[in-house]
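Per-entry structural report
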Amino acid sequence: MKKLNIGIILGSTRQGRVSPQVGKWVKEIAQQHEDVNYEILDIVDYNLPFLGTGTGKERGIIAWKTKLSSMDGFVFIVQEYNHSITGALKNALDSAYEEWNNKAAGIVSYGSTGGARAAEHLRGILGELSVATVSAHPTLSIFTDFTKSKVFKPADFHTNYVAKMLDQILLWSRALKTVRKS
Ligand SMILES: Cc1cc2nc3c(=O)[nH]c(=O)nc-3n(C[C@H](O)[C@H](O)[C@H](O)COP(=O)(O)O)c2cc1C
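Residues numbered from 1 in each chain as written. Predicted model: local features only at pLDDT ≥ 70, side-chain atom pairs only at ≥ 80, totals over all residues. Heavy atoms only, no water.

1. Overview of the site of the ligand
Rules: The criterion for a residue being near a molecule or strand is simple. One of its heavy atoms has to lie within 4 Å of it. Under the rule applied, a polar contact is a pair of N or O atoms within 3.5 Å (in protein, one hydrogen donor and one hydrogen acceptor; residues adjacent in sequence only if both atoms are side-chain atoms). All accessibility values rest on the Shrake-Rupley procedure with a 1.4 Å probe; residue burial counts only the protein chains present in the view. By the convention adopted, Pro, Cys, Tyr, Trp, Phe, Met, Ile, Leu, Val and Ala count as nonpolar, Lys, Arg, Asp and Glu as charged, and the other residues, Gly among them, as polar.
The environment of the ligand is made up of 15 residues, and the closest members are Ser 12, Tyr 81, Asn 82, Tyr 110 and Ser 112. Between an oxygen atom of the ligand and a side-chain N or O atom of Tyr 81, the distance comes to 2.7 Å. With the chains in place, 73% of the 620 Å² that the ligand exposes on its own is no longer accessible. In terms of residue class, the shell around the ligand is built from 4 nonpolar, 7 polar and 4 charged.

Here it is as structure tokens:
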């Protein structure tokens, strides 16, 4: 059977962001976990125009949709901005539709309350895109899992929970692959 492709999406794009550190950590845990292709998807690389401001046929949009199409499931690295997700992530979500449908996803979030409020907003949005979100949801504290809010130093206990989330994503990603073929 072909290996699953799981995209680890970095939700923030600001200069000085910590999301690449969190994405790298998730990828390292994932690679020890099961023989699946994991890839970091950085929204910055796609230079997506703000939805509706262009033709919709810009190279970045085509590349983003093509990349999403090749994925079977996702891990969203989510940071809380004003009790929600970043504008950049919302725009990236809005910039595709069929490419998201009938896939599975997990959320790893961070913020002062573990990014919980942003993560719950994201669950609602993903429901509308027919993305099935798994229940295991590692929440990282900006106060205790980062040094000075900048250097990522996660508590050890998060690792097992990330692995549990990955188990759930892979199970549903396999199941939904058959749904997409039917
Ligand atoms: C515009 C803005 C709004 C924020 N709002 C919140 C918030 O509502 N709740 C929270 O816990 N943290 C909030 N934060 C703190 C961020 O969660 C924190 O800076 C985090 O590191 C951002 O992720 P990033 O470094 O990957 O961009 C906010 C940060 C910014 C820049």
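2. Things to note about the pattern of salt bridges
Note the cut-off: Salt-bridge detection follows one rule: a side-chain nitrogen of Lys or Arg within 4 Å of a carboxyl oxygen of Asp or Glu. Only DSSP runs of H or I reaching four residues or more are called helices, and only runs of E reaching two or more are called strands; each is numbered from the N terminus. Accessibility here uses a 1.4 Å probe with only protein chains present; expressed as a share of the type maximum, an area under 20% marks a residue as buried, one over 50% as exposed, and anything in between as partly exposed.
Tallied over the full model, the rule gives 9 salt bridges. Between Asp 42 and Arg 17 there is a salt bridge; the shortest N-O distance is 2.8 Å. One end of the pair, Asp 42, is in strand β2 (residues 37-42); the other, Arg 17, is in the loop between β1 (5-10) and α1 (19-33), with 25 residues separating them in the sequence. Take Asp 42: its relative accessible area is 11%, and that puts it in the buried class. Classification of Arg 17 by relative accessible area gives buried; the value is 19%. For Lys 90, the salt bridge goes to Asp 94, with nearest N and O atoms at 3.0 Å. One end of the pair, Lys 90, and the other, Asp 94, are both in helix α3 (residues 87-94), 4 residues apart, so they sit about a helical turn from each other.

3. Quick look at α1
Put simply, the rule is: Working rule for helices: expected span equals 1.5 Å times residues minus one. Directions are taken from the helix axis to each C-beta atom, and the arc is the one they span.
The terminal C-alpha atoms of α1, which comprises 15 residues, lie 21 Å apart, in line with the 21 Å expected from a rise of 1.5 Å per residue. All of the buried residues along α1 are Ser 19, Val 22, Gly 23, Trp 25, Val 26, Ile 29 and Ala 30. The arc enclosing the buried residues of α1, seen along the axis, measures out at 160°, which places them on a common side. Of the residues in α1, the exposed ones pointing more than 90 degrees away from the buried face are Lys 24 and Gln 32.

4. Quick word on the side chain of Ser 84
We apply this condition: We call two residues contacting when some pair of their heavy atoms lies within 4.5 Å.
Within the secondary structure, Ser 84 is located in the loop between β3 (73-79) and α3. The class of Ser 84 is buried, set by a relative accessible area of 18%. Apart from the residues within four sequence positions on either side, Ser 84 is in contact with Gln 79, Ala 118 and His 121.

5. Regarding helix α2 (residues 59-69)
An α-helical segment advances 3.6 residues per turn. Residues three or four places apart therefore align on the same side. Taken together, the buried positions of α2 are Gly 60, Ile 61, Trp 64 and Leu 68. Down the axis of α2, the sector holding all buried residues measures 100°, keeping them to one side. In this structure, the buried residues of α2 make contact with β1, β2, β3, α3 and β4 (103-111).

6. A word on the environment of Asp 45
Turning to its location among the elements, Asp 45 is positioned in the loop between β2 and α2. For the pair Asp 45 and Ala 63, spaced 18 residues apart in sequence, the C-alpha to C-alpha distance is 9.7 Å.

That's the geometry; what it means functionally is another story.
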